[in-house]
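Coordinate inspection notes
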Amino acid sequence: MAAGYAELLRTRHAARLLAGTLVGRLPNATAPIAIMLFTRAEGGSYTLGGALAAVYGVANAVGQPLLGRAVDLRGQPKVQLPAAFVSALGVLLLCLSGVGHLPLAYAAVVVAGLFTPPLEGGLRALWPSVLGDGDKVHRAYAMDAVAQEVMFTVGPLLVTLLVSLWSPAAALLVINGIGVLGALSVVVSEPSRRWRSAPREAHWLGALRSPGLLALLGSFFFVGVALGSITVAGVAYGDDHGEPWVYGALMAALGLGALLGGLVYGARQWAGAPEPRLRVIVALLAAGYLPLMLTPGVVAMTVLAGVAGVFLAPALACAFIVVDRHAPRGTVTEAFSWLVTTFGVGSAVGTGAAGPAVELGGTAASFGVAAVGGVLALLVLLATRRVLTVPPPAAEGASAVNAEGGSENDRIGAVEPGFSSGHQA
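Since the structure is predicted, the reported quantities are computational estimates derived from the model, not experimental observations.

1. Describing the nonpolar core
Counting residues in hydrophobic clusters, the biggest one holds 101 residues, and the most contacted among them are Trp127, Leu131, Phe220, Leu278 and Tyr289. Those residues within four positions of Trp127 in sequence are excluded, and the remaining contacts are Ala14, Leu18, Gly132, Val137, Ala140, Tyr141, Met143 and Asp144. Ala84, Leu119, Val180 and Ala183 belong to the second largest nonpolar core, which has five residues in total.

2. Considering the packing of helix H11 (residues 211-241) against helix H13 (residues 274-289)
At a closest axis distance of 12 Å, the pairing of H11 and H13 adopts a crossing angle of 25 degrees. As summarised for this structure, H11 and H13 are arranged roughly parallel, according to the angle between their axes. Helix-helix and strand crossings are classified by hand; for H11 and H13 the assignment is left-handed. Counted together, Leu216, Phe220, Val223, Ala226, Leu227 and Ile230 of H11 and Leu278, Leu285 and Tyr289 of H13 form the full contact between these two elements. Its residues assigned to classes, the contact of H11 with H13 shows nine nonpolar, no polar and no charged.

3. Section: the pattern of salt bridges
One pass over the full model with this rule turns up five salt bridges. Measuring nitrogen to oxygen at the nearest pair gives 3.5 Å for the salt bridge that ties Glu190 to Arg12. Within this pair, whereas Glu190 is found in helix H10 (residues 190-194), its partner Arg12 is found in the loop between helix H1 (2-10) and helix H2 (14-24), the two being separated by 178 residues in sequence. According to the relative accessible area criterion, Glu190 is partly exposed, its value standing at 30%. A salt bridge links Glu275 to Arg325, with the nearest nitrogen and oxygen atoms 2.9 Å apart. With Glu275 in helix H13 and Arg325 in helix H15 (residues 312-326), the pair connects residues that are 50 residues apart, well separated along the chain. No difference in accessibility class separates Glu275 from Arg325, as the two residues are buried. Residues joined in a network through salt bridges with shared partners are Arg12, Glu190 and Arg194.

4. Some details on helix H6 (residues 102-114)
For H6, with 13 residues, the first-to-last C-alpha span of 18 Å sits near the 18 Å given by 1.5 Å per residue. Here H6 has its buried residues at Ala105, Ala108, Val109, Ala112 and Gly113. The buried residues of H6 occupy one face: seen down the axis, they fall within an arc of 125 degrees. Contacts from the buried residues of H6 go to helix H3 (26-41), helix H4 (46-74) and helix H5 (77-97).

5. Observations regarding the side chain of Gln76
Here Gln76 lies in the loop between H4 and H5. Here the side chain of Gln76 touches Gly122 through a polar contact of 3.2 Å, landing on its backbone oxygen. Among the polar contacts made by the side chain of Gln76, one reaches the side chain of Ser192 at a distance of 2.9 Å. Excluding its chain neighbours within four sequence positions, the residues that come into contact with Gln76 are Val71, Leu81, Gly122, Leu126, Val186, Val187, Ser192 and Trp195.

Thresholds, definitions, all that
- Residues numbered from 1 in each chain as written.
- Predicted model: local features only at pLDDT ≥ 70, side-chain atom pairs only at ≥ 80, totals over all residues.
- Heavy atoms only, no water.
- Core = buried A, V, L, I, M, F, W, Y, C linked by side-chain atoms within 4.5 Å.
- Buried < 20%, exposed > 50% of the residue type's maximum accessible area, 1.4 Å probe, protein only.
- Contact = heavy atoms within 4.5 Å.
- Axes fitted to C-alpha atoms, helices over the stretch in contact; angles between N-to-C directions.
- Helix = DSSP H or I, 4+ residues; strand = E, 2+ residues; numbered from the N terminus.
- Parallel < 35°, antiparallel > 145°, perpendicular 65-115°, else oblique.
- Left-handed = near helix turned anticlockwise from the far one by under 90°.
- Nonpolar A, V, L, I, M, F, W, Y, C, P; charged D, E, K, R; others polar.
- Salt bridge = Lys/Arg side-chain N within 4 Å of Asp/Glu carboxyl O.
- Expected span 1.5 Å × (residues − 1).
- Arc of directions from axis to C-beta.
- Polar contact = N/O pair within 3.5 Å; in protein donor to acceptor, adjacent residues only side chain to side chain.

Spatial relationships are all this shows, so hold off on functional conclusions.
So this is what it looks like as structure tokens:
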């Protein structure tokens, strides 16, 4: 498994782009906990901290596809780096103003969230031009999903370390400063500077005019609901057992399961089109959420959480390929950004739904929200099987072309049917 990823990272520019993107996304990965800790340190309530973090999340959900469309139209350096600077200025404004003047605090988090650069979608748009071979691109998507699990684990730990060494305000400023450096590392690289989106048809819906993409977004909204609800359900389970470490153990098991699942998935070469495979993976993901409603003892529950996480990274990796196959020509960055947005909004909805579920039906009911989310995600894929069977002709060639106009591995879908079964050496 590790050998396959090492081969990818030895490709020129690959390690730099992956590392720069992950570092550049640290502000987004750590924003909820960093904003909450800052608000509490400034004397604000948990309610205010949650509200500020929620506003940041909504602004981020709005900004990602808009900035993604701008990247497709104008290129990465002209959008990504200015957006990173503006987002960091929003955080600076929050640190300077504190939470004593609420309109200014809310305006600051809106700016910070709205201008978060779409580095995630940008990286996935770059992989075909950097790696060339469709098999390598497929594995890169899996590696990307695994790396996200690491980032969302390490990021909050880094915030708490900075808070303990300095202060919540310093943590916010340092994390966002690091984020700007990560974005800078990406946009000054040769692949980012040379990348150009394929010519696009003028259409106000942009990427959303693809029925296949809409079907995928509908499914992954519910995957986000499932994942968001587990966060709240895990807190309730920890409270039931009276031990503060229980919640951390469940979340660590969930992340470890996703990490292992992504490593195994990326190490294998897969035959056939990705859409039927995605239905199978999402079905297994949904099946993994159902036993959580049993809420057994801590050891058994930790094992179940690990199993529930196994198919998350493979689902994301496979979804990335489906997005690329169904994105209308010239909209690939925007399409990936829509997936990020939809998943994030679903997660927020799941978090909001799990709270009342705990109060009305107990911890098992809150895990039931995750189970329902997983089942609905599968049902959406099954109901939209027809539009997800074959990418429409308008989607062909939607991957990047280089500055001279030549094709850069036009479609992953054109090479994927040639994948052979078996494990990567």
